[in-house]
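Okay, here's what each chain looks like letter by letter:
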Amino acid sequence: MIALIDANSFYVSCERVFAPRLEGRPVGVLSNNDGCIVARSEELKALGVAMGAPRHLLPPAIRRQAVLLSSNYALYGDMSRRVNAILAEFSPDVEVYSIDESFVGFGGFDPAAVEGHCHRLRETVRRDTGIPVGVGVAPTRVLAKVANRAAKRMPAYEGVCRLDAEAPATRALLERLPATAVWGVARRTGERLALMGIHTAWQLREADPERIRRAFSVVLERIVWELRGHPAIALEDLGEARQRLMVSRSFSRLTGERDELAAALRQHGAQAAEKLRRQGSLARAVLVFVRTNPFLRDEPQYANRRVVPLARPSDDSREILAAAQRGLAAIHREGYRYQKCGVMLLDLVDRERRQLSLLEATQGEAARQCSDRLMAVVDRLNREMGRDTVRFGLPRDNSAWRLRCERLTSRYTTRWDELMRVRIG
Amino acid sequence: MSSAARPPSPLIVRAAPLPGCGVQPLLGCRVRAGFPSPADDHLDVDLNLHDHVVRRPAATYFVRAEGDSMLGDGIHDRDILVVDRSLEPLPGRVVVIAVDGEPTVKRLVREGGQTLLVASNPRFAPIPLAGCECHVWGVVTHVVHALPGGQA
């Protein structure tokens, strides 16, 4: 069995832990530099505020009611690390999927006990961090995602939903679920599936895998197998979670060398930036993570992550790599042998939307065009002359950039001078 | 630290560096004349104060006290409190508790079948836990109080 653990409105939940008065109020988190909504509480969603909405275009009535905060990436990164440290107590097999989503494998566990185990996991995360999470457990990742969605939307599950491949409840859920709500099924694929008479997830599960492969792709065929309860998809094949893009890899052998980590992160970062440009997005922050091998019980264990905000939404490899190196500098510790590291680009925004932004940190039009042209040349060279024809060295940290973060809350867990204050008296 | 410290051991030890802090030599030695102690074989043990104070890292938070209503419990204005969210809020424990959305610190006292929130300063009247808009945030396990000369 495998579980998908997903935090509810993660950024907002982090803010609420340290500012309990925000509980029950409409709360939004803004990107620091372009003032767009990157996270919403349920109450803010209920007011009709869309993901990515620019603050200055919100109706005044909503701006008055809602609490809108700058994104506090230091806090979110630390709380994400805490949540994952707790997950690791429940199984050594934890895979980071995004800043607020992780897969936890329960291979070798008694299947009958997994559900109770997941309830304890959820309660422990809530107790120790204050972050509410939903847990979906199933034999495959695709079904775990379906289960997670049900766990969050249907109160009867009390936050944990288990789906067995052959259970009537699974069938009932899949029959109500549109095929396009299945992980990895794009809207356009959905339109073509509809032409074949496949509208629901259940119909997709019952489709002939051969036929699906011929008409679509191997990946969609694998999704059919996954819906039937046969694991067929690795994390890397799953496409991208909402709003994030990740490149990570395990080392062929464990390494304690900081230079090796830096080189690997440079490569991952460059690759992620290239993907970002290919899909026409900009990132607002860069998450860097490193970890040792949790299955080697005798080795000292360490895992950490750090989120570094970018000065403005960017797809420039140089800016992304500089942020990644700053993240590594903050979390690298001597004395451990690392197995894996990765770069995740967070809070993506459509490149076309950049023009809308009024609050963007200043970058001259000329500098921007220069960056765009440089990146286009790099991408073309790497495409036409082979991967890694052009690579990036270590970019200089440009500390002259200043983030716009007027509504920034304290970095409660990472700065001595910004601890949560408790009034006594 | 307000919690029971270990008796001074006849060792000179070096504190392991805390993230974000410099290395502080922690002097735990008693000067003795005479023959060298066999304990000297164990020189260079790293003592990490963090390990001593933080039992469950993922659940432990540091918060800053503001105010003087808990002086009787050894909490002064500006002290750093070590708060463990994983501990149960049992009677007798000092807790961080959000009352009407504002985090504050009180001791839990069981009295006459109900749990009261009590400040150590008698000027503040106890509040019954039941019926007040509050939830326990975590249990205070240690107080970091700087004496003159000790401030960072």
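Now for a quick tour of the structure.

Rules of the game
- Residues numbered from 1 in each chain as written.
- Chains lettered and ligands numbered in written order.
- Predicted model: local features only at pLDDT ≥ 70, side-chain atom pairs only at ≥ 80, totals over all residues.
- Heavy atoms only, no water.
- Pairing = 2+ DSSP bridges.
- Helix = DSSP H or I, 4+ residues; strand = E, 2+ residues; numbered from the N terminus.
- Axes fitted to C-alpha atoms, helices over the stretch in contact; angles between N-to-C directions.
- Contact = heavy atoms within 4.5 Å.
- Expected span 1.5 Å × (residues − 1).
- Buried < 20%, exposed > 50% of the residue type's maximum accessible area, 1.4 Å probe, protein only.
- Buried area = accessible area lost by both parts, 1.4 Å probe.
- Salt bridge = Lys/Arg side-chain N within 4 Å of Asp/Glu carboxyl O.
- Nonpolar A, V, L, I, M, F, W, Y, C, P; charged D, E, K, R; others polar.

## Here we look at the sheet that holds strand S3 (residues 37–40) of chain A
Residue and element names in this part refer to chain A. An order of S3-S2-S4 is seen for the three strands of this open sheet, with the pairing classed as mixed. Every interior strand has two partners, whereas the edge strands, S3 and strand S4 (67–70), have only one. Going across the sheet, the axis of each strand differs from the next one's by a mean of 30°, ignoring polarity. Here strand S2 (residues 27–30) pairs with S3 via three bridges, running antiparallel. Bridging across to S3, Gly28 finds its partner in Arg40. Strands in contact with helix H1 (residues 10–18) are S2, S3 and S4; relative to S2, the strand with the most contacts, it is inclined by about 110°.

## Side note on helix H13 (residues 317–331) of chain A
Residues and elements named next belong to chain A. Between its first and last C-alpha atoms H13 spans 21 Å; for 15 residues at 1.5 Å apiece the expected length is 21 Å, and the two agree. Among the 15 residues of H13, eleven are classified as buried, and the element is accordingly described as predominantly covered. For H13, the full list of buried residues reads Ser317, Glu319, Ile320, Leu321, Ala322, Ala323, Ala324, Gln325, Gly327, Leu328 and Ile331. Here the buried face of H13 lies against helix H12 (258–278), strand S10 (281–292), strand S11 (303–314), strand S12 (338–346) and helix H14 (365–384).

## Comments concerning the interface of chain B and chain A
Counting residues at the interface gives 33 residues for chain B and 26 residues for chain A. When chain B packs against chain A, the two sides together hide about 2,500 Å² of surface, and 56% of this comes from carbon and sulfur. Here chain B is connected to chain A by three salt bridges. Contributions of two or more residues to the side of chain B that touches chain A are made by strand S4 (60–66), strand S5 (80–84), strand S6 (94–99), strand S7 (102–111) and strand S10 (134–144) of chain B. Tallying contributions element by element places S4(B) first for the side of chain B that touches chain A, with seven residues. Residues that form the side of chain B that touches chain A fall into these classes: 19 nonpolar, seven polar and seven charged. Sheet topology note: the strand S14 (residues 420–423) of chain A/S4(B) ladder contains four bridges and is parallel. Note on S4(B): the bridge partner recorded for Arg421(A) is Arg64(B).

Just geometry here; none of it tells us what the structure is for.
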